[in-house]
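Working through the structure, step by step
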Amino acid sequence: MATSSTTGRTTGEVRVNGEARRLDLDSRVTLLDMLRDHLGLTGTKKGCDQGACGACTVHLDGRPVVSCLVLAAQCDGREVRTVESLARDGRLHPLQEAFIRHDGFQCGFCTPGQLMSAAALLAQRRASSADEVREAMSGNLCRCGAYPNIVAAIRDVAEQNGTAGDGGPGAARNGAA
Amino acid sequence: MTAVSSGKLLGEPVDRIDGHLKVTGGAPYPSDFSYPDMAHAALVQSTVAAGTIRSLDTAGALVAPGVLTVITHENAPALAEGPMTNIGPSPRFPLADNRILHHGQHVAVVVAETPEQARDAARLVRVEYDEAAPVLGVGNPDAPVLTDPYGMESSRGDVEAALAASDVQYDETFHMAPETNNPLGLFATVARWEDGRVTVHDSSQWPAMARQSIATVFGLPESAVRVLVPYLGGGFGAGLRTWPHAILAVLAARMLERPVKLVLTRPQMFTSVGHRPESVQRLRIGATTDGRLLAVDHEATATRGAEEMNIEPITMGTPDAYAWPSAATHDRLAALNIPNPGAMRAPGHAEGGFALESALDEISYRIGMDPLELRLRNHAEVHPSTGLPWSSNALRDCYRVGAERFGWSARPAEPRSLRDGAWLVGQGMAGVTFSRWAAVCRAQVSVGRDGAALVRCAGTDIGTGTYTITAQLAAELLGLDVEQVRVELGDSDLPLAPQSGGSGLALALSGAVEDAARNLLRAFLDTVRDDDSSPLRGRSLDEVAVTGGRIHLANDPSAGEDYAAILDRHGLRELVADGEKDPSPPEGLSMAPAGAFAAQFAEVRVHEELGIVRVSRLASAVDAGRVLNEKTARSQVIGAMVLGIGMALLEETSFDAGGRIANATLGDYLIPAHADVPDLDVAFVGGPDAFNAVGVKGLGEVGVVGVPAAIANAVHHATGRRIRSLPITLDKLL
């Protein structure tokens, strides 16, 4: 995006969930607030605005980021995917189905972030054991305490589609979701 | 009509009916609502803990780009005081005058066109204070202390004489750090006025109270206020008050004649919406050397904000926890220059349970008896205070089943007898007797020509599963599939409901739904009373049953018809019925209504040199009466256990010497993360409760209560060190 120091505005184009979006924003707007306040994608949640809770996790060029710590101005020409893109053609993503089946949420507020982190985890083949999942998911807080069910849901999907990984040093860490 | 309680304990583990919305990001939480032309508010908070505002300069903020107004005590209109609720008076309004009573008190609210503009301008408000010395700390001699502030102190028997005559005289003091609820959802208020009426999306666990509060404060009839909370990003008690920030958002929207959104920041979540107060407890217990508990004296001091009130009944559960012949409780409440505390999941019980169940563990070691055996010996076969039989009590089964699943019998008694390399391993347990609480609830149930039902109630689902269990219960009562029941909650225009709190909503709401369903079936039978073409003509409620979407004769399922046929024939679009449950025990009841019971078992690993504590196993056996949905109920219990892990090992809101919270972020205030939580074991035991028709007892909080003591007892078993102060951080073990 182009940012003007005189107008304090930033302009550019971001692909969000596969769709090109032209934006003209206050340059202070974060990726999180861009999604929520300017694109109406309120599925991504703000739990701290300080990068500490993981509720705002989205994929930026295929990598999980906490969108509260990314400025919209940093996203020009880049690809963003949010929880709204997980289901395709009206069919839930296997992780979404597994979260429902295992009751991997209560209030549901952290769920979009948990799902996006979990999707990245599977793409990176880092779900070889419950302990590996717990470690890798520890940036996503859940105050309702649904952790055991979230871990079970992720492990279930990993086992089903063979994306558990061996947890070894060769496991890819930068794969796209 | 058959009664709901079929005697089976566990309801079908149906997936949450709101699950699809929650995993797709489609569930609307209060902060997700927006309106065209909406303005955004940001708060300015006091940087001192006590004193007065000497001067307040808003000029810089007012000329900043996009700023619409700045509201302070100097220009805020006078507002009425909020109402008294069933958990105490409303919070003090901070812009009523220039006094500062705690660090982080709201002193101004800046409203601008965008959130970025409001946030920036909030930093331009200049406030100067005449600072006074704050009164801080639960034991501070300068703090005004209320005696018996809740009117809940109790006494039976001659406690002092019994203590003096006891072979074993236990007398210890416990401390608990303040904790902060920290629901993940930042509390938000979106207010929109239109023609003298206001619609408010507010992070409330209690829409009816929020409506009443806003109506009272702004001098409106309750019918002019609508509070909507279809989904809430957790509350854990923080949503049980209508907080000043919500009032300020409604006020700003009225002054600007525009919708206003105010979302708290995470640091503001520490100072604006309550917390579990710091507490100190002294527990004296007299026992015989063969393990009979003779007397207990329990004194507890909690904190409140200056000129505020909070109910933290720490000693409440003690008199009826065991069959001690003599018991006395004493409650104290110290006023400090701190943000007012509030309810946090299992208020009172969580603190009291930690002290009581730690004390029993200590006594068991003093007399050389297994901790579980000591509890069994003192089990309250009848309700101790009244001598009445319990409406249900499966605590013995909790102990038995929990111990079996955990493998308690294999535990060596001696502390420091289990080890895995550098890690000392220990096992501990605790029992829980939770108090029963519930308030009046109403619900409306209707069935339309599509044969589907709609249940409506003002109560909220804060993640507990209320939508789902309500649908399941209505389906069972009306003979429908769960998919045929729609549930509308979280709207103060719907039939009145109490808070989603105190483990009371499921009990009250299930009773109201049961009553409404009964009235609805009666309405259908009334409709065909003189209908010659109906096989149900002239039949009464006790002659019929419902299955497969049909009302039929109980003794002849072939004689009946479905709801749609009746509505069709009589030209009705739907039939609607209201229900109400007053769950308070009537005078002269021959049983003691029981709350939930539990036995909880913990295994910890403590690093011998570093003092790190890890929970390796945690198990709960719970008697919650009839469980409406095994899946969501288990989730409630594991979630409570996770909160218990935090209370035991991690959570501490740290006030510095100036009264500022020094760790008011989620990076500094530690709550359990994935890696802190092992697999958790939950078993439900017991049967439907005898006092209410549905057989439900609340289970939202019971799972917290025994965990801190079970962990502390396990730490003792691992290390030989008895820690009577929470959280058990590594510095206390080095």
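Residues numbered from 1 in each chain as written. Chains lettered and ligands numbered in written order. Predicted model: local features only at pLDDT ≥ 70, side-chain atom pairs only at ≥ 80, totals over all residues. Heavy atoms only, no water.

1. So, the overall build of chain A
Summing up its helical and strand segments, chain A has five helices and six strands in all. Traced from its N-terminal end to its C-terminal end, chain A shows the element sequence β-β-β-α-β-β-β-α-α-α-α. For chain A, whose C-alpha radius of gyration is 17 Å, the value lies close to the compact-globule estimate of 16 Å for 177 residues. Its C-alpha atoms put chain A at 55 × 35 × 30 Å along the principal axes. (Helix = DSSP H or I, 4+ residues; strand = E, 2+ residues; numbered from the N terminus. Rg over C-alpha atoms; globule rule 2.2 N^0.38 Å.)

2. With respect to helix α11 (residues 466-478) of chain B
Residue and element names in this part refer to chain B. For α11, with 13 residues, the first-to-last C-alpha span of 18 Å sits near the 18 Å given by 1.5 Å per residue. Burial within α11 is extensive, with 12 of its 13 residues counted as buried. If you check which residues of α11 are buried, you get T466, Y467, T468, I469, T470, A471, Q472, L473, A474, A475, L477 and L478. Following α11 by one or two positions, G479 adopts a phi angle in the positive range, close to 65°. (Expected span 1.5 Å × (residues − 1). Buried < 20%, exposed > 50% of the residue type's maximum accessible area, 1.4 Å probe, protein only.)

3. Focus: the interface of chain B and chain A
For an interface, size is often stated in terms of accessible area lost upon the parts coming together. Facing 57 residues of chain B, the contacting portion of chain A comprises 48 residues. Carbon and sulfur atoms supply 56% of the area buried between chain B and chain A, which totals about 4200 Å² over both sides. On the chain B side of the interface with chain A, the three residues burying the most area are V23(B), L184(B) and H674(B), jointly 20% of the side's total. The interface formed by chain B and chain A holds seven salt bridges in total. Among the salt bridges present, the one from D33(A) reaches R119(B), with a minimum N-O distance of 3.9 Å. In this structure, the connection of chain B to chain A is made through 26 residue pairs in polar contact (both at pLDDT 80 or more). Elements with a contribution of two residues or more to the side of chain B that touches chain A: α1 (19-23), α3 (115-122), α7 (266-272) and α14 (630-649) of chain B. It is α14(B) that contributes the most residues to the side of chain B that touches chain A, nine residues altogether. (Contact = heavy atoms within 4.5 Å. Buried area = accessible area lost by both parts, 1.4 Å probe. Salt bridge = Lys/Arg side-chain N within 4 Å of Asp/Glu carboxyl O. Polar contact = N/O pair within 3.5 Å; in protein donor to acceptor, adjacent residues only side chain to side chain.)

4. Brief notes about the state of the cysteines
Inspection of the entire model under this criterion finds zero disulfides over all chains. With no disulfide of its own, C142(A) has C110(A) as its nearest cysteine by sulfur position, at a separation of 3.9 Å. By relative accessible area, C142(A) is classed as buried at 3%. C441(B) forms no disulfide, and the closest cysteine sulfur to it belongs to C457(B), at a distance of 4.1 Å. Using a relative accessible area of 0% as the deciding quantity, one classes C441(B) as buried. (Disulfide = S-S within 2.5 Å.)

5. Here we look at the packing of α11(B) against helix α12 (residues 505-527) of chain B
All names here are of chain B. Look at α11 against α12: their axes get within 10 Å of each other, and the N-to-C directions meet at 30°. When the axis of α11 is compared with that of α12, the two are roughly parallel. You can see that α11 and α12 cross each other, and the crossing is right-handed. Across from T466, I469, T470, L473, A474, L477 and L478 in α11, the residues of α12 making contact are L505, A506, L509, S510, V513, E514, A517, L520 and L521. Residues belonging to the contact of α11 with α12 are distributed by class as follows: 12 nonpolar, three polar and one charged. (Axes fitted to C-alpha atoms, helices over the stretch in contact; angles between N-to-C directions. Parallel < 35°, antiparallel > 145°, perpendicular 65-115°, else oblique. Left-handed = near helix turned anticlockwise from the far one by under 90°. Nonpolar A, V, L, I, M, F, W, Y, C, P; charged D, E, K, R; others polar.)

6. Here we look at the domain arrangement of chain A
Residue and element names in this part refer to chain A. For chain A, the assigned domains are domain 1 (2-82) and domain 2 (94-161). Contacts between the two partners involve 14 residues from domain 1 and, on the opposite side, 11 residues from domain 2. Its largest share of buried area at the contact with domain 2, domain 1 owes to K45, T57 and H59, together 40% of the area lost on that side. Summed over the shared surface of domain 1 and domain 2, the result is zero salt bridges. Summed over the shared surface of domain 1 and domain 2, the number is four residue pairs in polar contact (both at pLDDT 80 or more). For the side of domain 1 that touches domain 2, the element with the most residues is strand β4 (residues 57-60), which contributes three residues. Classifying every residue of the side of domain 1 that touches domain 2 gives five nonpolar, six polar and three charged. (Domains from an automatic or database assignment.)

7. Quick notes on the nonpolar core
Core analysis: the largest hydrophobic core is formed by 192 residues, its most contacted members being I154(A), I285(B), L478(B), I551(B) and I711(B). A per-element tally of this core places α12(B) first, with 13 residues. Setting aside residues no more than four positions away along its own chain, L478(B) makes contact with V445(B), V447(B), A453(B), A517(B), L520(B), L521(B), V546(B) and Y563(B). Grouped together as the second largest cluster of nonpolar side chains are 39 residues, A210(B), V250(B), L262(B) and M269(B) included. (Core = buried A, V, L, I, M, F, W, Y, C linked by side-chain atoms within 4.5 Å.)

8. So, the environment of M34(A)
Residue and element names in this part refer to chain A. Mapped onto the elements of the fold, M34 is located in helix α1 (residues 31-38). Distance in space between the C-alpha atoms of M34 and C68 is 9.8 Å, their sequence separation being 34 residues. Apart from the residues within four sequence positions on either side, M34 is in contact with V14, V16, L23, L25, V29, L39 and A72.

9. Let's talk about the environment of G687(B)
Residue and element names in this part refer to chain B. Mapped onto the fold, G687 is located in the loop between β30 (680-684) and α15 (702-705). Overall, the relative accessible area of 24% leaves G687 in the partly exposed class. Spatially, the C-alpha atoms of G687 and L10 are 9.0 Å apart, while their sequence positions differ by 677 residues.

10. What to know about the sheet that holds strand β23 (residues 485-488) of chain B
Residues and elements named next belong to chain B. Taken in spatial order, the four strands make up an open sheet running β23-β22-β21-β27, and their pairing is mixed. Of all the strands in the sheet, the pair left with one neighbour each is β23 and β27 (574-581). Sheet twist, expressed as the average angle between the axes of neighbouring strands with direction ignored, equals 20°. Bridge count for strand β21 (residues 441-448) against strand β22 (residues 453-456) is four bridges, and the pairing is antiparallel. Within β22, the residue paired with S446 across the bridge is L454. Sheet strands touched by α11: β21, β22 and β23. Its angle to β23, the strand with the most contacts, is close to 135°. (Pairing = 2+ DSSP bridges.)

11. Brief notes about the side chain of Q600(B)
Looking at the element boundaries, Q600(B) is found in strand β28 (residues 597-607). Among the polar contacts made by the side chain of Q600(B), one reaches the main-chain carbonyl oxygen of G703(B) at a distance of 2.9 Å.

12. Looking at helix α8 (residues 349-367) of chain B
Across its 19 residues, α8(B) extends 26 Å between first and last C-alpha, which sits within 8% of the 27 Å expected from 1.5 Å per residue. With 17 of 19 residues buried, α8(B) is to be regarded as a mostly interior element.

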